[in-house]
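This is what each chain is made of:
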2 protein chains.
Amino acid sequence: MEHIIIIGGVAAGAKAASKIRRENPHVKISIYNEGKFISYSACGLPYFIENLIEKPEKLLIRSPKDFENKYKVNVFTEHRVTKILPNKHQVEIIDLKTSEKSTEQYSKLLIAMGAHVCIPDIEGTDLKNVHILKSIEDAIAIKDKVPKCKKVIIVGGGYIGIELGEAFVYGGMDTTIIEMGPDILSHLDDEMSQEVHTYLTHEKNMHIITNNRVTKLVDNSEGKVCGVETESGKKLECDLVILSAGVGPNIDIAKDAGIAIGKTGAIKIDSRMQTNVRDIYAAGDCTEQINMITNKPVWVPLGSTANKQGRIAAINMTGGDAEFKGILGSSITKAFEYSMAKTGINAKEAENLGYNYVCETITNKDRSGYIPGAENITIKLIADKDSKKLLGAQIIGKGDTDKRINVIATALTAGMTVEEFQHIDLTYSPLFSTSIDPIIVATYELLKKL
Amino acid sequence: MEHIIIIGGVAAGAKAASKIRRENPHVKISIYNEGKFISYSACGLPYFIENLIEKPEKLLIRSPKDFENKYKVNVFTEHRVTKILPNKHQVEIIDLKTSEKSTEQYSKLLIAMGAHVCIPDIEGTDLKNVHILKSIEDAIAIKDKVPKCKKVIIVGGGYIGIELGEAFVYGGMDTTIIEMGPDILSHLDDEMSQEVHTYLTHEKNMHIITNNRVTKLVDNSEGKVCGVETESGKKLECDLVILSAGVGPNIDIAKDAGIAIGKTGAIKIDSRMQTNVRDIYAAGDCTEQINMITNKPVWVPLGSTANKQGRIAAINMTGGDAEFKGILGSSITKAFEYSMAKTGINAKEAENLGYNYVCETITNKDRSGYIPGAENITIKLIADKDSKKLLGAQIIGKGDTDKRINVIATALTAGMTVEEFQHIDLTYSPLFSTSIDPIIVATYELLKKL
């Protein structure tokens, strides 16, 4: 009997399992998952800690029981796949609760093992009150500390660091982010990051230290963290540390099985989610993607991509034919009233990739100024002087950034030139925008430079 | 000396005046405007009546003084241009305050006379407490009635009718809309209108009568309206009536001057905003536009279009070269928590135009279901079976409709096929959308039918 085995059941894996069942009512499907929970929204974890969501169960999209009863999928949680044997079409598995080992035959295999948090190689990462945020279990552990701890240090100022920072400030904690790079949110250009930085420190009382590296987590002599030391010699007290200075793709067992790893360090797949090994597919955070602007492989682990890739893999694994055309790295995150959105490439990336590029930045109200609640947004557009095409955009501010970034993401997918893009007919009502939307205004200005 | 005369100073005219000045610091510019106010947001009038905006001055984008001092534009308010003499490059003007007549020479002329409210040919439209909403003066008069009147009847269930309905309900008035068509908001397909209709009557206590025509406004014998009678014999009491059953383009003096009028009844212009008469341009609600989907002329008077056309006219009138590629009729309006957005053509229009079309409608949450404030949106996509291209969309609901309709408007401008559109990479955060956005989900479903 045909048997599809899926390693990992959070985003890509869970999406694939339900889609495979819809495409094929008969095939045997098994998910092996290291953690207790499958099919949950990892992106929602900071909002559970913030208490916007009270119970972690709310983050579950489908429960293991749903999968077993409704989708007839065998779900093995707390099971680790330790080895893939492509020649035998087998996987070796260990039950983490009982340490029992077993092997299982697959007809087709989907690797959806996700990513892991990188633990910096410094003293003290094993102390109490030092946490990472990856799983629901992690989130429960952190949430438990929010009322008890008073001073938190977040190592790393990426998405997760910023989102957790918001949760801790709302929780009444003294919150410090330490970022080793020149500024937080390194996917944005420096002046955009700087605007967010200023907002967080001036309006939200967050402490942000940049260009500095944590070199040691200090033991209170009872095995609990009581502070950090940095490269520059700073000593800071704290009673909680979050390590969020980087993530990496889970590739070890894939690599051992001879599956090709790309230049980015993640699993290499084609547009149908196939690896170089017959009958083995991969999807989600453990794989690299093609950037639609540069046509180069990148590793941008995002829940939206994982879900789409899981769906595409499922269609192809059940005899269908679907392609994943690539990504733009479109993303959005929120910190208090501010949101920060990006699509395509930024100026730093354009520079490094050797584009002959031009930028335009404007700050405008997001809707008619007389409407209560109208707020500023800062829009930065990047275009290619040679092809005259849009390359990317960043939009940040208290106003509605998401709407505009998605318009640009659509234009990027369509490969529109700036000249073509200026003619888009967007909706207008004073409640929703200005009569000529800020992105059009920015486009008019950008055109002058092309 | 070169002299640009602009007839009408609300949206297209005001935009053109400021843009002409930026393009040419020396040319003489004069605006003649019938009303007291120029350069204001007509789309904001319902929100002034609703008291979301307290003072009408807030709606002014630039004051006549701003125009005179900052832009060196001569502004003649309460002046009517009564005749255009193309052979002499002259206009005849009457000062409405003094009845004084004059003529003025122009080098180039911009007709931006806008639209008027159509007054139905029935008894009683001249009674007291019977109003239209077109100008700031109208809005001030209506707002004055809101605390005094108790029962209002709105004749016509288009945008303005619905937006005023909201204002009156918030003002504590018993509010009835009478619409002669099969349902309110006729730019939407019937089942979409019906959903809004149900929401307004069930959740907001508005009364809506459709398929009925007001035949008489009843005099209380003191010259004040006290009720209406309808075609079906209904008699309804009221102490305030708003006539909002249609608008028409202001074309009379243009037509008299030999300027071509299009099939739609509005002034015909080319993509550079030129009429058929040398040195005479037109822009805004008095002109017709080309629908980018059908390539046919349409008359869709909207503030966004007027502003863009005014800008394009200004560039071309000062020796530059800019084109207006047409419209999609993209629009959005709000009624309480609901918003209703449209772009491209709807199924009714596709049917009438003879397209071999297909539709897909889905209702989904606008963001992750576990986030407080996640709300439903209903998305209807329309595509052409022959070209496989998107033709249009309607999105309504309590959730975020605007973001999605603008994504589709961008895809329509780019001429994307449904197959191409499915690959758009939109931002995802549980606070802003679902991991696979509802429009992508709808697109996947639509693809199955193509």
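Above: the structure in question.
Residues numbered from 1 in each chain as written. Chains lettered and ligands numbered in written order. Predicted model: local features only at pLDDT ≥ 70, side-chain atom pairs only at ≥ 80, totals over all residues. Heavy atoms only, no water.

### Topic: the overall build of chain A
- Broken down by element type, chain A carries twelve helices and 25 strands.
- Taking 22 Å as the expected radius of gyration for a compact globule of 450 residues, we find that chain A reaches 23 Å, a close match to that expectation.
- Buried positions account for 58% of the 450 residues belonging to chain A.
- For chain A, contacts bridging at least 24 residues in sequence account for 61% of all contacts bridging at least 6.
- Carbon and sulfur atoms make up 47% of the accessible area of chain A, which amounts to about 17,700 Å² in all.
- Counting 54 positive and 58 negative side-chain charges, chain A places the centres of these two groups 4 Å from one another. (Helix = DSSP H or I, 4+ residues; strand = E, 2+ residues; numbered from the N terminus. Rg over C-alpha atoms; globule rule 2.2 N^0.38 Å. Buried < 20%, exposed > 50% of the residue type's maximum accessible area, 1.4 Å probe, protein only. Contact = heavy atoms within 4.5 Å. Areas by Shrake-Rupley, 256 points an atom, 1.4 Å probe, with all protein chains shown as cover. Lys, Arg positive; Asp, Glu negative; His and termini not counted. Charge placed at Lys NZ, Arg CZ, Asp CG, Glu CD.)

### Points about the pattern of salt bridges
- In the structure shown here, the tally under the stated rule is 48 salt bridges over all chains.
- Two residues, K348 of chain B and D190 of chain B, come together in a salt bridge whose shortest N-O distance is 3.6 Å. Placement of the pair is K348 of chain B in helix α9 (residues 347–352) and D190 of chain B in helix α6 (residues 190–203), with a sequence separation of 158 residues.
- Here the salt bridges share partners, and the residues they tie into one network are D189, E191 and K380 of chain A. (Salt bridge = Lys/Arg side-chain N within 4 Å of Asp/Glu carboxyl O.)

### Looking at the interface of chain A and chain B
- Between chain A and chain B, the residue contacts involve 55 residues of the former and 55 residues of the latter.
- Summing both sides of the interface, chain A and chain B together bury roughly 5,000 Å²; the carbon and sulfur share of this comes to 65%.
- Among the residues chain A hides against chain B, the three largest losses belong to Y370, D425 and T427 of chain A. Together they make up 15% of the total.
- The interface formed by chain A and chain B includes four salt bridges.
- We note a salt bridge from K308 of chain A to D425 of chain B, for which the minimum N-O separation is 3.8 Å.
- There are 18 residue pairs in polar contact (both at pLDDT 80 or more) connecting chain A and chain B.
- For the side of chain A that touches chain B, the secondary-structure elements that each account for two or more residues are α8 (303–317), β21 (331–335), β22 (338–344), α10 (402–414) and α11 (418–421) of chain A.
- Ranked by the residues each element gives to the side of chain A that touches chain B, the list is headed by α10 of chain A, at ten residues.
- Among the residues making up the side of chain A that touches chain B, the classes are represented as 27 nonpolar, 16 polar and twelve charged. (Buried area = accessible area lost by both parts, 1.4 Å probe. Polar contact = N/O pair within 3.5 Å; in protein donor to acceptor, adjacent residues only side chain to side chain. Nonpolar A, V, L, I, M, F, W, Y, C, P; charged D, E, K, R; others polar.)

### Considering the pairing of strand β10 (residues 151–155) of chain A
Residues and elements named next belong to chain A.
- Of all five residues that make up β10, four are buried, and the element is covered over most of its length.
- When β10 meets strand β11 (residues 174–178), the two strands line up parallel, connected through five bridges. Counted as the bridge partner of V152 is T175 from β11.
- Considered for its hand, the β-α-β crossover made up of β10, helix α5 (residues 159–170) and β11 is right-handed. (Pairing = 2+ DSSP bridges. Right-handed = clockwise from strand over helix to strand, strands pointing away.)

### So, the side chain of S244 of chain A
Residue and element names in this part refer to chain A.
- Topologically, S244 is positioned in the loop between β16 (240–243) and β17 (247–249).
- Only 3.4 Å separates the side chain of S244 from the backbone oxygen of G156, close enough to count as a polar contact.
- Beyond its immediate stretch of four places on either side in the chain, S244 contacts I154, V155, G156, I160 and G161.

### Considering the side chain of N129 of chain B
Residues and elements named next belong to chain B.
- Mapped onto the elements, N129 comes out in the loop between β8 (115–117) and β9 (130–131).
- For N129, a relative accessible area of 8% translates into the label buried.
- At 3.0 Å, the side chain of N129 forms a polar contact with the side chain of K145.
- Only 2.8 Å separates the side chain of N129 from the backbone oxygen of D239, close enough to count as a polar contact.

### Focus on the packing of aromatic side chains
- The final tally for this structure, using the stated rule, is eight aromatic pairs over all chains.
- Here F67 of chain B and Y71 of chain B contribute two aromatic rings whose centre-to-centre distance is 5.6 Å and whose plane-to-plane angle is 40 degrees, an arrangement assigned as tilted.
- For F67 of chain B, a relative accessible area of 0% gives the class buried.
- Assessed through its relative accessible area of 9%, Y71 of chain B is described here as buried.
- The lysine or arginine in question, R311 of chain A, covers the ring of Y444 of chain B, its NZ or CZ lying 3.3 Å from the ring centre. (Phe/Tyr/Trp six-rings, centres within 6.5 Å; stacked < 30°, edge-to-face > 60°. Lys NZ or Arg CZ within 6 Å of the ring centre and 35° of its normal.)

### Quick look at the sheet that holds strand β4 (residues 79–85) of chain A
All names here are of chain A.
- Pairing is antiparallel in the open sheet, where three strands are placed in the order β4-β5-β6. What marks the edges here is a single partner per strand, and that holds for β4 and β6 (101–105). The mean angle between the axes of side-by-side strands here comes to 25 degrees, regardless of whether they run parallel or antiparallel.
- Judged from the six bridges that link them, β4 and strand β5 (residues 90–95) form a sheet pairing that is antiparallel. Within β5, the position partnered with R80 by the bridge is I94. (Axes fitted to C-alpha atoms, helices over the stretch in contact; angles between N-to-C directions.)

### A look at the nonpolar core
- Judged by nonpolar contacts, the single largest core of 79 residues is most densely connected at I49, F168, L200, M340, F421 and I439 of chain B.
- Top element by residues in this core is helix α10 (residues 402–414) of chain B. It accounts for six residues.
- What M340 of chain B contacts, discounting residues up to four positions off in sequence, is I162, L185, L188, V196, S331, I332, T333, K334, A335, I395 and I396 of chain B.
- L59, F168, I184 and A409 of chain A belong to the second largest nonpolar core, which has 77 residues in total. (Core = buried A, V, L, I, M, F, W, Y, C linked by side-chain atoms within 4.5 Å.)

### A short note on the environment of K224 of chain B
Residue and element names in this part refer to chain B.
- Of note, K224 is situated in the loop between β13 (214–219) and β14 (225–230).
- Sequence separation of K224 and D386 is 162 residues, and the distance between their C-alpha atoms is 57 Å.
- Discounting chain neighbours no more than four positions away, the residues touching K224 are L127, K128, N129, V218 and D219.

### Concerning the relation of the copies chain A and chain B
- Its rotation angle being 180 degrees, the transformation that places chain A on chain B also includes 0.0 Å of axial translation and leaves an RMSD of 0.0 Å. What the rotation and shift describe, once combined, is the action of a two-fold rotation axis.
- Mapped onto chain B, 100% of the interface residues of chain A are again interface residues, and the two copies thus contact each other with one and the same surface. (Least-squares fit on C-alpha atoms with pLDDT ≥ 70 in both.)

### A short note on the sheet that holds strand β4 (residues 79–85) of chain B
Residues and elements named next belong to chain B.
- With respect to topology, three strands assemble into an open sheet ordered β4-β5-β6, the strand pairing being antiparallel. For this open sheet the edge positions go to β4 and β6 (101–105), each flanked by a neighbour on one side alone. Sheet twist, expressed as the average angle between the axes of neighbouring strands with direction ignored, equals 25 degrees.

### With respect to helix α4 (residues 136–145) of chain A
- By the burial criterion, the buried members of α4 of chain A are I136, D138, A139, I142, K143 and K145 of chain A.
- On its buried face, α4 of chain A is in contact with α2 (45–49), β9 (130–131), α5 and β16 of chain A.

### Description of the environment of I408 of chain A
- Its place among the elements puts I408 of chain A in helix α10.
- Among residues more than four places away in sequence, those in contact with I408 of chain A are T343, L381, A393, I395, F421 and I439 of chain A.

### Description of the packing of helix α1 (residues 12–23) of chain B against helix α8 (residues 303–317) of chain B
Residue and element names in this part refer to chain B.
- Two elements in contact, α1 and α8, have axes whose closest approach is 7 Å; the angle formed by their N-to-C orientations is 35 degrees. By crossing handedness, the relation of α1 to α8 is classed as right-handed. Together, A12, K15, A16, K19, I20 and E23 of α1 and A306, N307, G310, R311, A314 and I315 of α8 make up the contact between the two elements. (Left-handed = near helix turned anticlockwise from the far one by under 90°.)

### Describing α8 of chain A
All names here are of chain A.
- With 15 residues, α8 should cover 21 Å at 1.5 Å per step; its first-to-last C-alpha distance of 21 Å lies within 8% of that length.
- Of all 15 residues making up α8, 15 are buried, and the element is well covered by its neighbours.
- Of the residues trailing α8, G319 is marked for its positive phi of about 95 degrees. (Expected span 1.5 Å × (residues − 1).)

### Quick look at unusual backbone geometry
- Even without being glycine, N129 of chain A reaches a positive phi, approximately 65 degrees.
- In this model, K388 of chain B sits at a positive phi of 65 degrees, which is unusual for a non-glycine residue.
- Tracing the backbone through its elements, the reader meets K388 of chain B in the loop between β24 (376–384) and β25 (390–397).

### Some words on the state of the cysteines
Residue and element names in this part refer to chain A.
- Summed over the entire model, instances satisfying the criterion amount to zero disulfides over all chains.
- Cysteine C43 remains unbridged, with the sulfur of C286 as its closest cysteine sulfur at 16 Å.
- Under the relative-accessibility criterion, C43 is labelled partly exposed at 28%. (Disulfide = S-S within 2.5 Å.)

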